[in-house]
Amino acid sequence: QVQLVESGGGLVQPGGSLRLSCAASGFTFSSYAMSWYRQAPGAERELVAGISSSGRNTNYADSVKGRFTISRDNGKNTVYLQMNSLKPEDTAVYYCKAARNGMGYWGQGTQVTVSS
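Note that the coordinates shown come from a computational prediction; the quantities given were computed from them, not determined experimentally. (Residues numbered from 1 in each chain as written. Predicted model: local features only at pLDDT ≥ 70, side-chain atom pairs only at ≥ 80, totals over all residues. Heavy atoms only, no water.)

> Can you lay out the state of the cysteines for me, pointing to particular residues and giving the numbers?
A complete count under the given rule lists one disulfide for this structure. Note on cysteine connectivity: Cys-22 is disulfide-linked to Cys-96, with sulfurs 1.9 Å apart. Taking the torsion about the S-S bond as the criterion, the Cys-22 to Cys-96 disulfide, at about 45 degrees, is right-handed. In this pair, Cys-22 sits in strand 3 (residues 18-25) while Cys-96 sits in strand 9 (residues 92-100), placing the two residues 74 residues apart along the sequence. Across the pair, exposure class does not vary: Cys-22 and Cys-96 are buried alike. (Disulfide = S-S within 2.5 Å. Helix = DSSP H or I, 4+ residues; strand = E, 2+ residues; numbered from the N terminus. Buried < 20%, exposed > 50% of the residue type's maximum accessible area, 1.4 Å probe, protein only.)

> I'd like a description of unusual backbone geometry, backed by residues and values.
Although it is not a glycine, Asn-77 sits at a positive phi angle of roughly 50 degrees. Within the secondary structure layout, Asn-77 lies in the loop between strand 7 (68-73) and strand 8 (78-83). One non-glycine residue, Asn-101, adopts positive backbone phi at about 50 degrees.

> Help me get a handle on the environment of Lys-65, residues and values and all.
Looking at where Lys-65 falls in the secondary structure, it is placed in the loop between strand 6 (58-60) and strand 7. Within the structure, the side chain of Lys-65 is placed 3.2 Å from the side chain of Asp-62, a separation counted as a polar contact. (Polar contact = N/O pair within 3.5 Å; in protein donor to acceptor, adjacent residues only side chain to side chain.)

Listed below in C-alpha cells is the structure:
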C-alpha cells in the first residue's frame, strides 16, 4: 500500500537547522511531484515547498525562500526539506504530499518546534 513516512523533526533553537525526510513506498515515486506542507496550531495547512517529478523545478512559499531547500532522490524514493535559519514561526507539523494527475497521498506528519 501507499506509504509516506516523514522523519527528522524535533526541537531546535532559533537560528538552527533541521533536515526532514519523507520516505515513499507503494507507488512510482519518480512519476509524482512532491511537496512539503505545514500546519501550525489553529492555522490552515499551507504549502511550504514543491518539487517536480524530475527534480528540475522547485517552488517555495515566500516565508521560507532563501532558508529552506527541497530536494529529492528518485533512487531512494525520498524527498527532503533542508531548513536553515529556523524561526519560532516555523513551528508546525510538517507533512509531505505526493501528487499526480489530481491524485494525492499524504504522510502522517512530523513535529518541528523552534524555541529557545
